[in-house]
Amino acid sequence: MFQAPEIDYGALSPVIALTAGLCVVLLAGVFDAVKRAVPALTLAVIGTASGLLIWRWNDPTELISGAMRIDEFSIAIALIAMTMAAATVLLSIRERAVEEAGSGEYHSLLLGSLLGMVLLSQATNLVTFFVAIETLSIPLYVLCATNLRKEGSLESGLKYLIVGSLGSATLLYGMALLYGASGSTDFAGIAAGVGGAEGGLVDDPLFLVGIAMCAVGLAFKTSIAPFHQWTPDVYQGAPTPVTSFMAVATKAAAFAVFVRFFVEALGFAADEWQPALAVLAAISIVVGNVGALGQRSLKRMLGYSGVAQAGYILSGLVVVTEAGVSALVFYLAGYAFMNLAAFAVIVARERETIFGDEIESVRGLGAERPLLAWPLTISMLGLAGLPATVGFIGKLYLIEALVEGDYTWLAVFIAIGTMISLAYYLPVVAAMWMGGREPSPAAPAIAGASPEADPLDPDAGRRPSLVLPAALAAAAVVFFGVIPQPLVDFAEQASAAFPFS
Amino acid sequence: MTNSLLWTPLAFGFVGLFLPRRAAGWWATLGAAVTLAIAIVLAIGFDSGAAGLQDTVDVTWIAGLGVDYSLGIDGLNLFLILLTAVVWVAGTAFAAFREQDRPHLFFLMMLLGETATLGAFLAQDLLLFVLFFDLMLVPFYFLFGAWGNDRVGGPSAPAATLKMIVYTLIGSLLMLVAAIATAVIAADGGEITFSIAALAQNPIAAESQRWIFWFFAVAFLVKMPAFLLHGWMPDAYRAAPLPALAVFSGVLAKVGAYGFLRVVLPVFPDASVEFQELLLLIALASILYGSVMAFTQTNIRLIAGYSSIAQLGFITAGIFALSADGADGAVLQMVNHGLVVAPLFVIVAILAERSGTEDLREMGGMAARAPIFAALFLIVTLATLAMPGSANFIGEFYILNGLFDSKIVFAFVAISGVAMSAYYALRLYQRTMHNRRPDGLESREIDVRDGLVLVPLVLCIVGLAFYPQLILKRTDASVQQALAKSASPEKLTSTGRNVGSGSTYRPVGGEK
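Predicted, not measured: the structure shown is a model, and the values here were computed from it.

Helix and strand counts for chain A stand at 21 helices and two strands. At 22 Å, chain A has a C-alpha radius of gyration in line with the 23 Å of a compact globule built from 501 residues. Principal-axis analysis of the C-alpha atoms gives chain A an extent of 75 × 55 × 40 Å. Scored against the burial criterion, the 501 residues of chain A give a buried share of 62%. Residue pairs in contact within chain A that sit at least 24 positions apart in sequence constitute 79% of those at least 6 positions apart.

In structure tokens:
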């Protein structure tokens with residue numbers, strides 16, 4: 001007789017809260033009376049879910065017969081995604097795209113994607129894994145295209161949809177092959193089925209092809225070169241708040257499952273995939289950093305830089321050690337702060353000037369608006385890995401893990417990549433603080449103004465919904481650069497969820 | 001005490017942000033002066049006979065990674081710290097006397113630069129050292145880029161500065177990897193520590209030392225800069241604002257040389273011995289190249305810049321003589337050179353203000369109505385060319401003495417550098433101060449504000465000329481400790497010992 005699995009509703013509560021919240025937000029958007037409260041409602045949902053997640057800290061539990069597991073690692077990743085989602089809600093206030101798409105729809109799509117991320121970080125089964133990754137992706141395809149009047153936005157959504165589907169298809173094919181080799185969809189079952197007593201299937205070509213296809217599928221989602229071509233276009237075209245959400249939260253969630261899947265299900269075959277992932281990381285570091293050189297659009301630049309950063313983050317997984325995974329979590333958290341500070345400023349300047357996200361939009365910002373210039377400066381210095389920022393400690397952490405794991409050559413790649421990256425991060429700083437200060441033109445000049453351009457908001461740079469996230473994120477970048485211990489503890493507890501020998 | 005030395009400048013810098021524009025410069029100068037006072041108190045309390053670290057601070061900083069916040073003072077860094085404090089007071093005061101664009105930020109960056117530099121000198125944890133070494137770049141990136149000069153027909157100030165940053169960081173990021181590799185290899189699976197003293201106790205295998213040595217060496221040689229790695233120097237020097245350049249050239253270049261003494265020789269002794277001749281070769285090339293370039297340049301900043309390359313070549317040669325004499329001389333010469341080059345850039349600034357140009361060919365006759373200025377400049381010039389009687393002479397003498405002991409061929413080539421320094425230093429002096437005065441050039445005495453900056457620096461030069469033992473006596477024990485593993489025992493007894501114990505001061509040699 002069929003035995004229904006026992007469900008621990010307490011441990012499942014963050015997911016339930018998000019799902020319920022999503023419906024409430026969607027409904028609230030329909031009624032004019034409460035329409036204005038939608039962003040606040042969304043923040044409340046995110047806050048509740050985060051609270052429930054924190055409540056489950058230190059209490060690892062298997063959920064729904066082992067289809068999911070809530071542990072420190074998944075909570076850590078989910079909290080990073082929650083932070084970014086909350087910031088995205090703030091950045092979206094007064095965003096054109098929200099009006100175009102409808103506030104209720106926009107925010108419920110955001111929550112839907114967030115739900116996918118939380119599920120993904122907890123997935124321990126191929127089916128949950130795939131369902132979660134689609135729950136994450138499909139709302140994002142739509143969100144990218146929400147700025148209906150911008151050609152770039154629609155193009156971005158379509159491009160993301162096609163490339164994303166290709167990635168999902170590859171991933172699914174890989175999963176099928178792994179299921180074929182092991183006869184199980186559970187991560188633990190795969191490890192037992194292939195790497196078990198006989199262990200004869202480790203060298204099987206179909207099994208190896210399965211691993212490779214899964215890695216490629218995940219590389220699409222985490223924008224690791226050479227599967228990154230969609231990244232700059234999609235980042236540039238999407239509404240900027242959505243870009244900031246994609247850049248960090250998607251990456252965090254996809255890396256979460258990347259780590260869990262490769263460590264728990266395929267850890268026994270680490271010797272087979274370690275070198276391949278190391279090469280992927282190295283390619284990503286080089287391609288991303290070189291691609292970002294000379295970009296005029298800040299969003300494109302951050303897109304390419306995201307490719308490079310994905311390479312750094314992936315190198316934390318390559319060594320398959322606890323130190324490596326802690327470094328990965330640490331770097332992701334730091335990356336969230338650094339990107340958030342940058343994107344908040346870009347959003348503000350997009351609304352203030354006619355230059356959109358061009359580097360011109362921040363020229364002379366240091367004198368004009370120090371409150372915006374400092375967060376962007378700190379973010380750029382942090383991404384470039386200069387000391388007294390969380391970026392430096394993050395790189396230090398990664399390099400130490402790599403050297404300990406006998407991947408010193410990859411550490412050298414990180415160092416070289418960082419060097420190249422100075423050549424595109426520092427010009428942004430230079431544009432803000434150095435050189436001629438031309439007053440930013442209030443009236444649209446001939447170049448740059450397009451009929452589809454959004455109306456400008458000359459006060460955007462003073463609105464707390466933008467300045468506050470930027471300032472807080474920048475403060476966090478410096479704080480954890482000087483006193484990194486709390487974040488190190490956080491990362492170490494997260495990585496302790498894995499049974500490394 | 002050590003902590004307050006390190007953080008006082010930065011604290012003053014932050015408070016200065018909230019003061020009115022006009023007060024920012026004076027507040028910063030006060031901050032630098034307070035730092036100097038703390039440094040002097042520390043120096044007075046310094047136990048001169050001891051080799052080990054004094055006034056140490058040691059706190060766990062990042063437990064999981066084995067990084068400690070550990071500072072300390074010994075004979076190697078005591079006088080470099082004093083030098084930093086002195087030069088910074090001068091540079092900040094010089095800037096405060098003049099109108100600065102966006103003064104809050106300018107002086108914040110100046111003081112952040114001081115904290116970072118002091119941190120690099122004080123750090124006793126390898127990773128902390130790398131951190132401060134990199135951090136030094138951030139304020140100078142802003143100072144050079146935002147307050148620098150765009151050159152007509154050349155790179156703009158931000159571009160020139162970017163080049164400098166990329167050059168320097170190439171070295172220091174690889175150094176980061178190398179530092180971590182050193183600690184991981186040394187730990188051999190155990191608890192990781194970055195403590196320089198602990199790493200020096202049990203050097204890692206010679207094979208690993210071989211590649212790690214170069215990662216460190218390149219970082220330090222770029223910073224100095226040494227021949228072949230100096231590509232960033234001309235553009236950056238031409239772009240830099242002069243007060244910042246005075247401290248940069250006076251102190252930051254020494255961090256590279258200091259790094260060799262603090263980190264490379266003790267932690268990688270086998271590799272240091274193995275590559276001794278190669279490093280000496282680079283040092284000699286720097287001496288020759290720097291001197292020849294200093295002959296031919298007409299831009300007065302670049303004359304000072306290239307002469308620094310030559311002087312730092314000398315210092316490197318002294319360090320890689322791998323004998324106590326050479327290293328003692330190198331430490332002395334680091335201080336000397338800092339004390340000489342900082343006023344030199346102040347003088348360059350004054351000359352440029354008077355003549356409206358930085359081209360040697362359009363200058364001349366400045367001395368006519370300015371005897372005091374001429375006298376001060378002459379003292380600086382004579383010290384630069386290591387006139388007997390100046391502390392620079394003692395420094396170069398020690399370096400050559402050490403070099404003769406260990407590698408006589410190199411010593412003979414290095415001697416030519418002494419002769420050449422006389423040529424470029426006197427050429428700079430003559431062409432600016434003597435000769436016919438071009439039309440429209442005014443010769444007038446320096447005013448009080450510049451005098452207040454220049455005279456104390458020149459007094460330091462003169463004082464040190466009378467009593468170089470002040471430094472030699474205190475560095476010797478630490479230098480011997482630093483060299484213990486890389487120098488052969490007979491080269492560890494320095495000439496300085498004999499001189500120090502004698503009742504009379506004899507600059508030349510130890511006998512009779």
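More follows now that the structure is in view.
It is worth spelling out the overall build of chain B at this point. For chain B, the helix and strand inventory stands at 21 helices and two strands. For a compact globule of 512 residues, the expected C-alpha radius of gyration is about 24 Å, and chain B comes in at 22 Å, within 12% of that figure. Reported as C-alpha extents along the three principal axes, the dimensions of chain B are approximately 70 × 60 × 45 Å. Per-residue burial for chain B yields a buried fraction of 63% across its 512 residues. For chain B, the share of sequence-separated contacts (at least 6 apart) that also reach a separation of at least 24 residues comes to 80%.

Here we take up the pairing of strand β2 (residues 67-73) of chain B. Residue and element names in this part refer to chain B. Along β2, five of the seven residues are buried, which leaves the element largely enclosed by surrounding structure. Sheet analysis places strand β1 (residues 54-62) next to β2, joined by six bridges and oriented antiparallel. By the bridge assignment, Ile-62 is partnered in β2 with Val-67. The antiparallel pairing of β1 with β2 creates a hairpin that spans four residues between the two strands, and Gly-66 there sits at a positive phi of about 75°.

The next point concerns the nonpolar core. Grouped together as the largest cluster of nonpolar side chains are 417 residues, with contacts concentrated most on A:Ala81 and A:Ala341. At 22 residues, helix α15 (residues 322-352) of chain A tops the list of elements feeding residues into this core.

Below, the discussion takes up the interface of chain B and chain A. Counting residues at the interface gives 27 residues for chain B and 28 residues for chain A. Listed by contribution, the elements that provide at least two residues to the side of chain B that touches chain A are α5 (126-135), α6 (137-147) and α7 (157-187) of chain B. It is α7(B) that provides the largest number of residues to the side of chain B that touches chain A, a total of 14 residues. Of the residues belonging to the side of chain B that touches chain A, the class tally is 22 nonpolar, three polar and two charged.

Below, the discussion takes up α7(B). Spanning 31 residues, α7(B) covers 44 Å between terminal C-alpha atoms, matching the ideal 45 Å at 1.5 Å per step. Taken as a whole, α7(B) carries its principal kink of about 30° at B:Leu169.

Glancing now at the packing of helix α4 (residues 72-92) of chain A against helix α12 (residues 240-265) of chain A. Residue and element names in this part refer to chain A. Close contact between α4 and α12 brings their axes to 9 Å; oriented N to C, the two are set at 175°. As summarised for this structure, α4 and α12 are arranged roughly antiparallel, according to the angle between their axes. On the side of α4, the interface is formed by Ser-74, Ile-77, Ile-80, Ala-81, Met-84, Ala-85, Thr-88, Leu-91 and Ser-92, while α12 contributes Pro-241, Ser-244, Phe-245, Val-248, Ala-249, Ala-252, Ala-253 and Ala-256. Its residues assigned to classes, the contact of α4 with α12 comprises 13 nonpolar, four polar and no charged.

A few words on unusual backbone geometry. Peptide bonds are, in most cases, trans, and in most cases residues other than glycine have a negative phi. Here the residue pair A:Ala225 and A:Pro226 is connected by a cis peptide bond, since its omega of 0° sits within 30 degrees of zero. Tracing the sequence through the fold places A:Pro226 in the loop between α10 (205-221) and α11 (230-237). Although it is not a glycine, B:Leu322 sits at a positive phi angle of roughly 55°. One can find B:Leu322 in the loop between α14 (300-319) and α15 (324-355). Assessed through the 26 C-beta atoms surrounding it within 10 Å, B:Leu322 is described here as buried. Of note, B:Ala386 is a non-glycine position whose phi angle comes to about 60°, a positive value. Residue B:Ala386 is classed as buried on the basis of its 25 C-beta neighbours within 10 Å.

Residues and elements named next belong to chain B. For the pair α7 and helix α9 (residues 206-223), interaxial distance at closest approach is 8 Å and the crossing angle is 150°. Between α7 and α9, the interaxial angle falls into the category roughly antiparallel. In the packing of α7 onto α9, the handedness of the crossing is left-handed. For the pair α7 and α9, contact is made by Tyr-167, Thr-168, Ile-170, Gly-171, Ser-172, Leu-174, Met-175, Val-177, Ala-178, Ala-181, Thr-182 and Ile-185 and by Ser-208, Ile-212, Phe-215, Phe-216, Val-218, Ala-219, Val-222 and Lys-223, respectively. Across the contact of α7 with α9, the residue classes break down as 14 nonpolar, five polar and one charged.

With respect to the helices and strands, B:Ser486 occurs in the loop between α20 (469-483) and α21 (495-501). Once you skip the residues sitting within four places of it in the chain, B:Ser486 turns out to touch B:Leu265, B:Pro269, B:Ser272, B:Val273 and B:Leu322.

In this section: the environment of B:Leu176. Tracing the backbone through its elements, the reader meets B:Leu176 in helix α7. Residues B:Leu176 and B:Gly389, 213 residues apart in the sequence, show an inter-C-alpha distance of 42 Å. Ignoring any residue separated from it by four or fewer positions in sequence, one finds B:Leu176 in contact with A:Leu396, A:Ile399, A:Ala415 and B:Val130.

Moving on, we get to α4(A). Along an α-helix, residues three or four positions apart point the same way, because every turn accommodates 3.6 residues. Residue and element names in this part refer to chain A. With 21 residues, α4 should cover 30 Å at 1.5 Å per step; its first-to-last C-alpha distance of 30 Å lies within 8% of that length. Across the 21 residues that make up α4, a large majority, 20, are buried. Directly after α4, the chain includes Arg-94, whose backbone phi takes a positive value near 70°.

Residue and element names in this part refer to chain A. Here chain A shows a mean pLDDT of 89. Residues at 70 or above account for 95%. The spread of mean pLDDT over the elements of chain A runs between helix α5 (residues 96-101), the lowest at 83, and α4, the highest at 95. Segment residues 439-452 is flagged for pLDDT under 50; beyond a separation of four residues in sequence, or across chains, it makes 11 contacts in the model.

As a further point, take the confidence of the model for chain B. Residue and element names in this part refer to chain B. Overall, the predicted model of chain B reaches an average pLDDT of 88, with 96% of residues at or above 70. Under a pLDDT of 50 for its full length, residues 498-512 has, in the predicted model, 13 contacts with residues more than four places off or in other chains. Of the two predicted TM-score estimates for the complex, the pTM is 0.92 and the ipTM is 0.89.

All names here are of chain B. In this fold, Asp-235 is placed in helix α10 (residues 233-239). Between the C-alpha atoms of Asp-235 and Pro-155, which are 80 residues apart in sequence, the distance is 7.4 Å. Non-local contacts of Asp-235, meaning those with residues more than four positions away in its chain, are made with Gly-154, Pro-155, Ala-160 and Lys-163.

Calculation notes
Residues numbered from 1 in each chain as written. Chains lettered and ligands numbered in written order. Predicted model: local features only at pLDDT ≥ 70, side-chain atom pairs only at ≥ 80, totals over all residues. Helix = DSSP H or I, 4+ residues; strand = E, 2+ residues; numbered from the N terminus. Rg over C-alpha atoms; globule rule 2.2 N^0.38 Å. Buried ≥ 20, exposed ≤ 12 C-beta atoms within 10 Å, placed from the backbone. Contact = placed C-beta atoms within 7 Å. Pairing = 2+ DSSP bridges. Core = buried A, V, L, I, M, F, W, Y, C linked by C-beta atoms within 7 Å. Nonpolar A, V, L, I, M, F, W, Y, C, P; charged D, E, K, R; others polar. Expected span 1.5 Å × (residues − 1). Bend = angle between axes of the 7 residues up to and from the residue. Axes fitted to C-alpha atoms, helices over the stretch in contact; angles between N-to-C directions. Parallel < 35°, antiparallel > 145°, perpendicular 65-115°, else oblique. Left-handed = near helix turned anticlockwise from the far one by under 90°. pLDDT = per-residue confidence, 0-100.

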